[in-house]
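Below, each chain spelled out in residue letters.
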Amino acid sequence: MVRVRGAIIIFVLILLAIPAAWSQSLGNAATEQRINALIQQMTLDEKVGQLVQYSSANGQTEGQVRDGKVGSLFNVLGAQTTNDLQKIALEKSRLKIPILFGYDVIHGYRTTFPVPIASAGSFDPELIEASERIAAKEASAAGVKWVFAPMLDIARDPRWGRMVEGPGQDPYLASVIAAARVRGFQGQNMADPESVVASAKHYVAYGAAEGGRDYNTVDISEQLLREVYLPPFHAAVKAGVGTIMASFEDLNGVPATANHHTLGDILRGEWNFQGMVVSDYGAVDELMQHGVAGDEAMASLKAISAGVDMDMADGAYGRTLASLVQSGKLPVSVLDEAVRRVLRIKFAAGIFDHPYTDPSREKTEILTPENLTVARKLAQESIVLLRNQNNILPLNKNAGTIAVIGPLADDQADQLGPWAGQGKAEDAVTPLQGIKSKVPNAKVIYAKGVDLEDFPSNSTVSGAAPAPATATGASGAHGTGSASIPDAVEAANKADVVVMFLGELAGMTGEASSRATLNLPGKQKELLEAVVATGKPVVLVLESGRPLDIRWANDHVSAIMQGWFLGVQAGNAIADVLFGDVSPSARLPLSWPLSVGQIPIYYDHKNTGRPTSPDRWHTGYLDESSQPLFPFGYGLTYTTFKYGNLHVENSGISAKGDLHVTAEIQNTGTREATEVVQLYVHDRVAPTSRPVKELKGFSRVTLAPGASKAVSFTVHGEDLGSYDPQMKWIVPPGTYDVWIGPSSAEGLHGTFDVTPE
Ligand code: BGC
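The model shown is predicted, which means the values in this text are computed figures rather than measured ones.

Q: Please set out empty space enclosed by the protein residue by residue, giving values where relevant.
A: Evaluated as defined, the whole model comprises 1 cavity of 30 Å³ or more. Of the pockets and cavities examined, the largest cavity occupies roughly 30 Å³. Residues belonging to the lining of the largest cavity are distributed by class as follows: 3 nonpolar, 3 polar and 2 charged.

This is the structure in structure tokens:
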């Protein structure tokens, strides 16, 4: 009786913890009963089969599906293809358990949106959510029910190529974006035919790779793990994310794929995550390379015991789990729990009840005009204006002759970025096309200037994931026209204004695309210098997945915009901003280094005992400033904003209370524009040293010329806290600083007190 009551209480607690997006399918005892009934019927091999996932279909796939040897497939696309395989699972397999089809939908399925680092700079969670909703609709129309996104790795090191896939450097911004992306993918209910199950990845601290080298060792403190790398994942869990992908790296001596602390203590213990964990590609077998498993069976045992439920791609679970159970090394209860989590997600995804995809959706829901409208808006909102000397921008639509120069100016494929899903180069609008259609009566001369070539790959790791589905084409050709610096100079000489498109090819960023320098690749700097030497006004638009070393450009070029990789509507969005139909509003989601030697550079650093000062015996460099070229949160627009009347409601707040801060923002220029108003705090004295500033709120405010608005922020006292040395979350009493401003480097300053409990 006591046992039964205990079980009921546990069951009710589980239901209470199940997030809203799941509630329809998981929030009822009937589903759990169906899961239990299934598990009871399953043979050992059928249980193991549910934990196996393979990439793409081959000659053996149909047989594996029929025999219940595979629980999930990925990179299998199209309503017809997925329906055919699903039919085998439902009609020919013994237990009729449907297949969960997965795919990497990193910045759109077919409608390619700006790369995530770019859209993070929009500081616009609603629009980001809308873009993921579209991605979910398009992917689900093609039979995909599970996406390996959002990618939530904080990146403080731009050498690391995967910075492009993530939310940047700030844990608060990343957490807001994490929740927005999960909501967009999963909608109100994952079982909705237009929703997909999300997978927050890569859990965790993958972006802290030493030296910025992808897959490299991560050795960080528990405080850093908890305060910087875990928060976006926690936000995703709170938003109801269905699955989590464990990361590749060795984390503090224990690979993330076998890490009981992060997967067990934190994810399932502290956060009560009820969903499923999948490994990264081949990461179970890689436990052998890491040197924590002597053979594949040991690798599987370590991964499943730590809490990795499904094994991606390497087949290790399929080959070893059954004998591990038979030999008594793996308790069947651990296996059953993994199976239960996989089945729970399949029920939540609704595929038991609605296993097939309506093939007509592929024709009506993909790349629609509405989808392109959101893609264009998000691209507009992702462009960061870094410099605008003498207000050279926006350009006059009657500017006369415009020279459009650079290897990325008329390169369709690379506009899409490094992980463009099913994005097609032919769908992309290049900057040259965008400019021509924006100013059809202007004379536009194009010169490629230099060719840009991919870096030779430095390694081919056997068993590694195939190169991501970039749309850059295998030919190696990027952009149109022949390249010659003298031709570009001649074009500039004939023009009234020059717009240059320089940066990286999409394939220079992303997975396994770390760089040791931040230079403009190839001969682009020579091209830039030659064009600037003409004396013509030059606007430089950078396209890249990371901040580049642009010290020379910043000293010599009139205007600079960071355009990242903006997706299918890149050229239109760039032209909208260049010619002032839209005022730029994006902000940097990272600190932009002067040079590679400053890395890692982040605004939320500790003060040290010897904060940077001109005096020598302080933290800094002899030969370089410690300040970034542009700070986190920075970005200009075509008007000016004045901040005033900071009001901090300070009656002494408690951890249970709320902090209210208000400031008045006025548009003091002549154009309508959007300001991203930012709120930062700093706890002056705490048991552990605190960052000099931490973002705790932001708000996009659009104001007409002359208009002003009081912008108010509420921060929960609980969110002002930090971890003490025993890693307990506390809200230390005492005086705190607060700023409201346009970036992490500026702002109106006030203080408030937190009172003891
Ligand atoms: C990447 C993951 C991705 C997986 C499947 C891996 O190499 O690290 O981000 O989801 O491949 O394509």
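Q: Give me the lowdown on the packing of aromatic side chains, citing residues and values where you can.
A: Between two aromatic rings, the relevant description is the distance of the centres plus the angle of the planes. In this structure the tally under the stated criterion is 19 aromatic pairs. Measuring from ring centre to ring centre gives 5.0 Å for F123 and F698, while their planes differ by 85°; the resulting arrangement is edge-to-face. Residue F123 is located in the loop between α7 (116-120) and α8 (125-141), and its partner F698 is located in strand β20 (residues 694-703); the two are separated by 575 residues in the primary sequence. Considered together, F123 and F698 belong to a single accessibility category, that of buried residues.

Q: Describe the domain arrangement of the protein chain, listing the residues and the values that go with them.
A: Parsing the protein chain into structural domains produces domain 1 (70-361), domain 2 (368-589) and domain 3 (641-755). Tallying the contact residues gives 7 residues for domain 2 and 9 residues for domain 3. Summed over both partners, the interface of domain 2 with domain 3 buries about 610 Å², with 34% contributed by carbon and sulfur atoms. For the domain 2 face of the interface with domain 3, the top three residues by lost area are S583, S585 and R587, together amounting to 71%. Inspection of the region where domain 2 meets domain 3 yields 2 salt bridges. A salt bridge links R587 to E675, with the shortest nitrogen-to-oxygen separation between them at 2.6 Å. The interface formed by domain 2 and domain 3 holds 6 residue pairs in polar contact (both at pLDDT 80 or more) in total. In the side of domain 2 that touches domain 3, the residues fall into 2 nonpolar, 3 polar and 2 charged.

Q: I'd like to hear about the site of the ligand, residue by residue, with values.
A: Surrounding the ligand, one finds 14 residues, the nearest of these being D104, R162, H202, D280 and E511. Between the ligand and the protein, one listed contact pairs an oxygen atom with a side-chain N or O atom of H202 at 2.6 Å. Contact between the ligand and E511: an oxygen atom at 2.8 Å from a side-chain N or O atom of the residue. Burial of the ligand by the surrounding chains reaches 97%, relative to a free accessible area of 320 Å². Looking at side-chain class alone, the shell around the ligand contains 8 nonpolar, 1 polar and 5 charged residues. Here the shell around the ligand gathers at least three residues from each of two domains, domain 1 (70-361) and domain 2 (368-589).

Q: So what about the nonpolar core? Which residues, and what values?
A: Counting 180 residues, the largest nonpolar core has Y203, I405, M500, F501, I550 and L578 as the members making the most contacts within it. Counting residues per element, this core draws most heavily on helix α16 (residues 332-348), at 8 residues. Two domains share this core, each providing at least three of its residues, namely domain 1 (70-361) and domain 2 (368-589). Not counting residues up to four positions away in its chain, the partners in contact with F501 are V404, I405, G406, P407, L408, A409, P431, I435, V541, E543, I574 and L578. Core analysis: the next-biggest nonpolar cluster, separate from the first, contains 25 residues, V677, L703, V711 and L720 among them.

Q: Outline the sheet that holds strand β4 (residues 146-147), supporting the account with residue identities and numerical values.
A: Through backbone hydrogen bonds, the strands of a sheet pair up, either in parallel or in antiparallel fashion. Read across the sheet, 5 strands follow the order β4-β3-β2-β1-β10 without closing on themselves; strand pairing throughout is parallel. A single partner strand is all that each edge strand has here, and the edge strands are β4 and β10 (311-312). Sheet topology places strand β2 (residues 72-74) next to strand β3 (residues 100-103); 3 bridges connect them, and they run parallel. The partner of S72 across the bridge, within β3, is L100.

Q: How would you sum up the side chain of T243? Please name residues and give values.
A: The topology assignment puts T243 in strand β6 (residues 243-246). The exposure class of T243 is buried, given its relative accessible area of 0%. Among the polar contacts listed, one links the side chain of T243 to the side chain of S199, at a separation of 3.0 Å. Among all residues touching T243, those that are not within four sequence positions of it are W146, V197, A198, S199, A200, F273, M276 and I345.

Q: So what's going on with the environment of V661? Residues and values would help.
A: In this structure, V661 sits in strand β18 (residues 658-667). Exposure remark for V661: the relative accessible area of 0% places this residue in the buried category. Here the alpha-carbon distance between V661 and V384, two residues 277 residues apart in the chain, equals 27 Å. Setting aside residues no more than four positions away along its own chain, V661 makes contact with L646, H647, V648, L679, V711, S712, F713, V738 and I740.

Q: Mind laying out the pairing of strand β1 (residues 52-55), listing which residues take part and the relevant values?
A: Where β1 and β10 come together, 2 bridges link them in parallel fashion. The partner of V52 across the bridge, within β10, is D311. Here 3 bridges tie β1 to β2, and the two strands are oriented parallel to one another. Looking across to β2, one finds that Y54 is bridged to L73. The parallel pair β1 and β2, bridged by helix α5 (residues 61-66), forms a crossover whose chirality is right-handed.

Rules behind the numbers
Residues numbered from 1 in each chain as written. Predicted model: local features only at pLDDT ≥ 70, side-chain atom pairs only at ≥ 80, totals over all residues. Heavy atoms only, no water. 1 Å grid on protein atoms, 1.4 Å probe; cavity = no way out; pocket = protein on both sides within 12 Å on 5 of 7 lines; lining within 4 Å. Points joined across faces, edges and corners; volume = space filled by probe spheres on them. Nonpolar A, V, L, I, M, F, W, Y, C, P; charged D, E, K, R; others polar. Phe/Tyr/Trp six-rings, centres within 6.5 Å; stacked < 30°, edge-to-face > 60°. Helix = DSSP H or I, 4+ residues; strand = E, 2+ residues; numbered from the N terminus. Buried < 20%, exposed > 50% of the residue type's maximum accessible area, 1.4 Å probe, protein only. Domains from an automatic or database assignment. Contact = heavy atoms within 4.5 Å. Buried area = accessible area lost by both parts, 1.4 Å probe. Salt bridge = Lys/Arg side-chain N within 4 Å of Asp/Glu carboxyl O. Polar contact = N/O pair within 3.5 Å; in protein donor to acceptor, adjacent residues only side chain to side chain. Near = heavy atom within 4 Å. Areas by Shrake-Rupley, 256 points an atom, 1.4 Å probe, with all protein chains shown as cover. Core = buried A, V, L, I, M, F, W, Y, C linked by side-chain atoms within 4.5 Å. Pairing = 2+ DSSP bridges. Right-handed = clockwise from strand over helix to strand, strands pointing away.

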